[in-house]
Amino acid sequence: AGAIGLYNLGQSCCLNSLLQVFLMNIRFTGILRRITVPPCAVQRRMSVPYQMLLLLEKMQRGKCKAVHPTELACCLSAHRVKLFVQHDASQLLLHLWNLIKKQMKNLELVEELSDLYTIYVEEHLACQNCSFEIKSNSSMLTLPLPVLDSNSQRLKSLEDCLRYFFCPEELTGQNMCFCQQCGRKTPFLQSMKLVHLPQTLTIHLKRFCVGKSSNTHKLNHYLPFPHDLDFKRVLTENQCQADDNEKAAWQYGLFAVVAHSGSATSGHYCAYIRSLTECKWYCFNDSEVCQVSWDDVKCTYGHSNLHWGETAYLLIYMKKHPQ
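All values derive from a computational prediction rather than experimental measurement. (Residues numbered from 1 in each chain as written. Predicted model: local features only at pLDDT ≥ 70, side-chain atom pairs only at ≥ 80, totals over all residues. Heavy atoms only, no water.)

Chemist: Explain the packing of aromatic side chains to me, using residue names and the numbers behind them.
Modeler: Under the defined criterion, the tally for this structure stands at 14 aromatic pairs. With a centroid separation of 4.9 Å and an interplanar angle of 45 degrees, the aromatic rings of Phe22 and Phe28 are classed as tilted. Plain terms: the ring middles of Phe28 and Tyr117 are 6.4 Å apart, the flat faces sit at 65 degrees to each other, and that makes the pair edge-to-face. Taken together, the positions of Phe28 in helix α2 (residues 26-32) and Tyr117 in helix α7 (residues 107-117) put the pair 89 residues apart, joining distant regions of the chain. Phe28 sits in the buried class, given a relative accessible area of 0%. (Phe/Tyr/Trp six-rings, centres within 6.5 Å; stacked < 30°, edge-to-face > 60°. Helix = DSSP H or I, 4+ residues; strand = E, 2+ residues; numbered from the N terminus. Buried < 20%, exposed > 50% of the residue type's maximum accessible area, 1.4 Å probe, protein only.)

Chemist: Just give me the short version of the pattern of salt bridges, but keep the residues and values in it.
Modeler: The final tally for this structure, using the stated rule, is eight salt bridges. In this structure, Arg34 and Glu112 form a salt bridge, with 2.6 Å as the shortest nitrogen-oxygen distance. With Arg34 in the loop between α2 and α3 (41-46) and Glu112 in helix α7, the pair connects residues that are 78 residues apart, well separated along the chain. Glu112 gets classed as partly exposed once you look at its relative accessible area, which sits at 29%. As a salt-bridge pair, Asp228 and Lys320 come within 2.9 Å of each other at their nearest N and O atoms. One end of the pair, Asp228, is in strand β13 (residues 228-230); the other, Lys320, is in the segment after β18 (310-319), and 92 residues separate them in sequence. (Salt bridge = Lys/Arg side-chain N within 4 Å of Asp/Glu carboxyl O.)

Chemist: So, the sheet that holds strand β3 (residues 119-127): which residues are in play, and what are the values?
Modeler: Judged by pairing direction, the sheet is antiparallel, and its four strands sit side by side in the order β4-β3-β9-β6 without closing on themselves. Since the sheet does not close on itself, it has two edges, and those belong to β4 (133-140) and β6 (169-171), each with one partner. This sheet shows a mean twist of 25 degrees between the axes of neighbouring strands, independent of strand direction. With eight bridges joining them, β3 and β4 adopt antiparallel strand pairing. The residue of β4 that forms the bridge with Glu123 is Ser136. (Pairing = 2+ DSSP bridges. Axes fitted to C-alpha atoms, helices over the stretch in contact; angles between N-to-C directions.)

Chemist: How would you explain the nonpolar core if you had to name every residue and give the values?
Modeler: What tends to happen in soluble globular proteins is that the nonpolar side chains get buried as a cluster. Counting 54 residues, the largest nonpolar core has Phe28, Met52 and Met104 as its most contacted members. Counting residues per element, this core draws most heavily on helix α1 (residues 13-23), which supplies eight residues. For this core, the domains that each give at least three residues are domain 1 (1-113) and domain 2 (141-167 + 199-322). Setting aside residues no more than four positions away along its own chain, Phe28 makes contact with Phe22, Leu23, Met52, Ile100, Leu113, Leu116 and Tyr117. Residues Val147, Met192, Ile203 and Phe225 belong to the second largest nonpolar core, which totals 41 residues. (Core = buried A, V, L, I, M, F, W, Y, C linked by side-chain atoms within 4.5 Å. Domains from an automatic or database assignment. Contact = heavy atoms within 4.5 Å.)

Chemist: So what's going on with the domain arrangement of the protein chain? Which residues, and what values?
Modeler: What the domain assignment reports for the protein chain is domain 1 (1-113) and domain 2 (141-167 + 199-322). The C-alpha-based centres of domain 1 and domain 2 are spaced at 23 Å. Contacts between the two partners involve 28 residues from domain 1, matched on the other side by 31 residues from domain 2. Among the residues domain 1 hides against domain 2, the three largest losses belong to Val21, Met24 and Arg27. Together they make up 22% of the total. In this assembly, domain 1 and domain 2 are joined by one salt bridge. As a salt-bridge pair, Glu288 and Lys65 come within 2.6 Å of each other at their nearest N and O atoms. Here domain 1 and domain 2 share eight residue pairs in polar contact (both at pLDDT 80 or more) between them. At the level of secondary structure, the elements contributing two or more residues to the side of domain 1 that touches domain 2 comprise β1 (5-6), α1, α2 and α6 (89-103). Of the residues assigned to the side of domain 1 that touches domain 2, the class counts are 15 nonpolar, 10 polar and three charged. (Buried area = accessible area lost by both parts, 1.4 Å probe. Polar contact = N/O pair within 3.5 Å; in protein donor to acceptor, adjacent residues only side chain to side chain. Nonpolar A, V, L, I, M, F, W, Y, C, P; charged D, E, K, R; others polar.)

Chemist: Explain the pairing of β18 to me, using residue names and the numbers behind them.
Modeler: Buried residues dominate β18, accounting for nine of its 10 residues. As paired elements, strand β14 (residues 251-262) and β18 share nine bridges and run antiparallel to each other. Paired with Gly253 across the bridge in β18 is Met318.

Chemist: If you had to explain unusual backbone geometry to someone new, which residues and values would you point to?
Modeler: Residue Arg80 is not a glycine yet carries a positive backbone phi of 65 degrees. You can call Arg80 exposed: its relative accessible area is 74%. Of note, the phi angle at Cys279 is positive, near 60 degrees, even though the residue is not glycine. Mapped onto the elements of the fold, Cys279 is located in the loop between β15 (267-274) and β16 (281-285). The exposure class assigned to Cys279 is exposed, which follows from its relative accessible area of 53%.

What follows is the structure, encoded as structure tokens:
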């Protein structure tokens, strides 16, 4: 089957782009194909994973250039995913992912799905006066990277955004924390260390930002991202909490870009995806699918002067040598 488009049901470009990113990922579809089919018709209509599987099969029959994701959209609507409205791709991704995970009845598959996408980090809080520190582990579906630093200066590249995200932050003044050992509020150092990266890594470039008048606006500036990304080279030793074996697998190739054009309040999403079977790039723009080049994908780096310019919003990287 070639690359098949999805018809827009009315402002469903965000959903369509995310569905293509899920369904073009052969590791995800490998899990999807093994789900237990719900026994009765009502459950089948209400099951997001099952409706995704039906959509995948419809696309793989590939008799037409695009298919209508109507049944899946109705199913999502029954689970409080609003139709015919503007969505934010990072929020919708999380919502979809949670629904898929919650509705997979087979625990083994749920675990595989988690392994495929979940990022693990360790958060540190250390008192600057004494030796008191708190460590906590947390997991996330995406790395939410700021594209501006704390002085509102533009970060220059994806690597800079990653370094900035994992850079320790001093909590002083109003942000001081209570230290149990000192018995009062003291300056703390807050840092995040990378513990584990998944097979499919999703990076969220925080290009939508809330201004002083609490209006959301979009940051369109130029921000290049590499085709190949090696985390060992980007992060320092003390930004990682992982053994050499884990770090050896931190080499990634870009698999997909979910790009946004337009303003914060009205815009359009499309997805650039590298076919894992043919290694060619395609642009999925609702029902229109065409082959593109890496140079076309690089056009989503952004450009401050283009108000309607297209900018990458989600970057999905794939491990080169899975363990």
